[in-house]
Amino acid sequence: MAGVLEDFPRLLDPRSGRPLMERTVLIANTSDMPVAAREASIYTGITIAEYYRDMGHHVALMADSTSRWAEALREISGRLEEMPAEEGFPAYLASRLAEFYERAGTVTTLGGATGSVSIIGAVSPPGGDFSEPVTQQTKRFVSTFWALDKELASARYFPAINYLTSYSGYVRSVARWWQEKAGLDWMDMRDRILGHSQGRGATPKHCQADRRKRLAGRSEGHCIHWRSAHQGGFPAAERRTIPSTPYCSGCQKQVG
């Protein structure tokens with residue numbers, strides 16, 4: 001948290017050029033705080049987000065992490081001597097998660113303005129076990145899931161998102177947007193790239209060292225895989241995607 005408070009004020013808003021901190025609310029809850037404060041923090045954040053939403057703003061709420069919040073729920077439930085469920089979590093864990101995520105969405109205010117709240121919840125399962133209750137219950141209620149891969153992170157891929165285990169329930173919705181903005185068959189391109197990536201795993205062994213030399217002469221699927229997996233950080237040229245000029249990652253040429 002000390003690092004966040006030190007580094008975050010230095011970030012600039014790419015639209016206005018002003019410090020991003022000017023329109024950011026941080027709710028800090030450290031592990032040495034009372035368990036009731038840790039349990040209440042997530043509700044404090046969503047309530048503040050709804051306050052600005054009702055003013056006609058579009059709010060992005062990042063909850064890091066809902067696993068720690070669930071652990072606070074488990075501790076409170078234990079002190080109240082409630083009947084425990086799987087792994088000691090309270091039986092109402094699923095309903096509490098659903099109540100939190102259902103507060104996201106778009107509204108029309110009484111003044112006629114449009115506001116929204118988008119929730120990005122981080123789940124940090126112990127040992128990366130996606131079968132534990134918090135992860136499983138979260139996946140029941142969210143439509144988009146980004147799975148971070150420890151092997152990718154160790155191989156210095158950023159962002160370390162395993163695109164074979166991640167998914168989105170909004171694919172059909174955004175496909176129409178890409179069709180209108182870019183004028184190309186986005187769904188067909190997406191399916192083709194995923195098809196090339198199936199069966200190779202998230203971290204190809206042939207991409208670990210001397211990547212460009214070892215990829216020479218390989219198929220288009222390998223090239224697409226390498227470029228998507230080895231995109232480094234967010235340099236200025238890669239911070240935004242321009243829909244009107246999409247590129248094929250494998251053949252290095254403009255599409256359409």
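Keep in mind that this is a model prediction, so the values were computed, not measured. (Residues numbered from 1 in each chain as written. Predicted model: local features only at pLDDT ≥ 70, side-chain atom pairs only at ≥ 80, totals over all residues. Heavy atoms only, no water.)

**Structural notes on the overall build of the protein chain**
So the rule is basically this: Secondary structure elements follow DSSP: runs of H or I of four or more residues count as helices, runs of E of two or more count as strands, with numbering from the N terminus. Note on definitions: a residue-residue contact is assigned when non-hydrogen atoms from the two residues lie within 4.5 Å. All accessibility values rest on the Shrake-Rupley procedure with a 1.4 Å probe; residue burial counts only the protein chains present in the view.
Check the secondary structure of the protein chain and you find 10 helices and five strands. A separation threshold of at least 6 residues defines the contact pool for the protein chain, and within that pool the share at least 24 residues apart is 54%. Carbon and sulfur atoms provide 53% of the accessible area of the protein chain, an area that totals close to 16500 Å².

**Some remarks on helix α8 (residues 186-197)**
Quick reminder of the rule: A helix's residues, less one, multiplied by 1.5 Å, set its expected span. For the exposure calls, accessible area comes from a 1.4 Å probe over protein chains only, and a residue counts as buried if that area is under 20% of its type's maximum, exposed if over 50%, partly exposed in between. Within this analysis, the arc is defined by the directions that extend from the helix axis to the C-beta atoms.
With 12 residues, α8 extends 17 Å between its outermost C-alpha atoms, agreeing within 8% with the 16 Å of an ideal straight helix rising 1.5 Å per residue. Looking at α8, one finds that the buried residues are W186, M187, M189 and S197. Projected down its long axis, α8 carries its buried residues within an arc of 165 degrees, all on one side.

**Topic: the pattern of salt bridges**
A pair can form between side chains of opposite charge whenever their charged atoms are brought close. Counted only if it meets this: Take a side-chain nitrogen of Lys or Arg and a carboxyl oxygen of Asp or Glu: if they are within 4 Å of each other, that pair is a salt bridge.
Scanning the model with the defined rule gives 11 salt bridges in all. One salt bridge in this structure joins D7 and R10, with 3.9 Å as the shortest N-O distance. E75 is the salt-bridge partner of R38, the closest N and O atoms lying 3.5 Å from each other. In this pair, R38 sits in helix α2 (residues 35-53) while E75 sits in helix α3 (residues 66-79), placing the two residues 37 residues apart along the sequence.

**Digging into the sheet that holds strand β3 (residues 114-122)**
Note the cut-off: The pairing criterion for strands is at least two bridges between them, as found by DSSP. Think of each axis as a best-fit line through the C-alpha atoms, taken over the contacting stretch in the case of a helix, with angles from 0 to 180 degrees between the N-to-C directions.
Taking strand neighbours across the sheet as the criterion, the three strands line up as β1-β3-β2 in an open arrangement whose pairing is mixed. Of all the strands in the sheet, the pair left with one neighbour each is β1 (58-64) and β2 (105-108). Strand-to-strand twist of the sheet, defined as the mean angle between neighbouring strand axes without regard to direction, takes the value 15 degrees. As paired elements, β2 and β3 share four bridges and run antiparallel to each other. Note on β3: the bridge partner recorded for T108 is T114. In this fold α2 packs onto β1, β2 and β3, with an angle of close to 155 degrees to the strand it touches most, β3.

**Observations regarding the confidence of the model for the protein chain**
Under the convention used in this document: A score between 0 and 100, pLDDT records how confident the predictor is in each residue.
Per-residue confidence for the protein chain gives a mean pLDDT of 79, with 77% of residues at or over 70. Considering only residues more than four positions removed or in separate chains, one finds that residues 219-223, a stretch of pLDDT under 50, has 12 contacts. Across residues 228-233 the pLDDT falls below 50, and counting only partners more than four positions away or on other chains, this stretch makes 10 contacts in the model.

**Comments concerning the packing of α2 against α3**
To be explicit about the condition: Note on angle classes: values under 35 degrees are labelled roughly parallel, values over 145 roughly antiparallel, values of 65 to 115 roughly perpendicular, and the remainder oblique. When the near helix sits turned anticlockwise from the far one by under a right angle, the crossing is termed left-handed; a clockwise turn instead gives a right-handed crossing. For this classification, the nonpolar set comprises Ala, Val, Leu, Ile, Met, Phe, Trp, Tyr, Cys and Pro, the charged set comprises Asp, Glu, Lys and Arg, and every other residue, Gly included, is treated as polar.
Across the interface, α2 lies against α3 with an axial gap of 9 Å and an inter-helix angle of 130 degrees. The orientation of α2 with respect to α3, classified from their angle, is oblique. By crossing handedness, the relation of α2 to α3 is classed as left-handed. Taking contact as the criterion, the partners of V35, A36, R38, E39, I42 and Y43 in α2 are, on α3, T66, W69, A72, L73, E75, I76 and R79. Broken down by class, the residue content of the contact of α2 with α3 amounts to eight nonpolar, one polar and four charged.

**Description of the side chain of N162**
The test is simple: What qualifies as a polar contact is a pair of N or O atoms within 3.5 Å, subject to a donor-acceptor requirement within protein and to the restriction that residues adjacent in sequence count only when both atoms come from side chains.
Note on placement: N162 falls in the loop between α6 (150-154) and β5 (167-168). N162 gets classed as buried once you look at its relative accessible area, which sits at 9%. A polar contact is formed between the side chain of N162 and the side chain of D149, at a distance of 2.9 Å.

**Observations regarding the packing of aromatic side chains**
Heads up, the rule is: Note on aromatic contacts: the rings of Phe and Tyr and the six-membered ring of Trp form a pair at centre separations within 6.5 Å, being stacked when their planes are under 30 degrees apart, edge-to-face when over 60 apart, and tilted otherwise.
Applying the stated criterion to the full structure yields six aromatic pairs. With centroids separated by 6.0 Å and ring planes inclined at 80 degrees, the aromatic side chains of Y43 and W69 adopt a geometry described as edge-to-face. Here Y43 is found in helix α2, whereas its partner W69 is found in helix α3, with 26 residues between them in sequence. By way of ring pairs, the aromatic residues F130, F145 and Y167 are connected into one cluster.

**Side note on the side chain of S67**
Along the chain, the position of S67 falls in helix α3. Once residues lying within four places of it in the same chain are set aside, the contact partners of S67 are A122, V123, S124, P125 and V134.

**Some details on the nonpolar core**
The tendency in soluble globular proteins is for nonpolar side chains to be buried as a group. Filter applied, for reference: To qualify as a nonpolar core, a set must consist of buried Ala, Val, Leu, Ile, Met, Phe, Trp, Tyr and Cys residues joined through side-chain atoms within 4.5 Å.
By size, the foremost hydrophobic cluster in this structure holds 18 residues, and its most contacted members are I46, L93, F100, Y101, V117 and I119. Among the elements that line this core, the one with the most residues is helix α4 (residues 93-101), at four residues. Apart from the residues lying within four places of it in its own chain, the contact partners of F100 are I42, I46, L61, A63 and I119. V171, W178, L184 and M189 belong to the second-largest nonpolar core, a separate cluster that totals eight residues.

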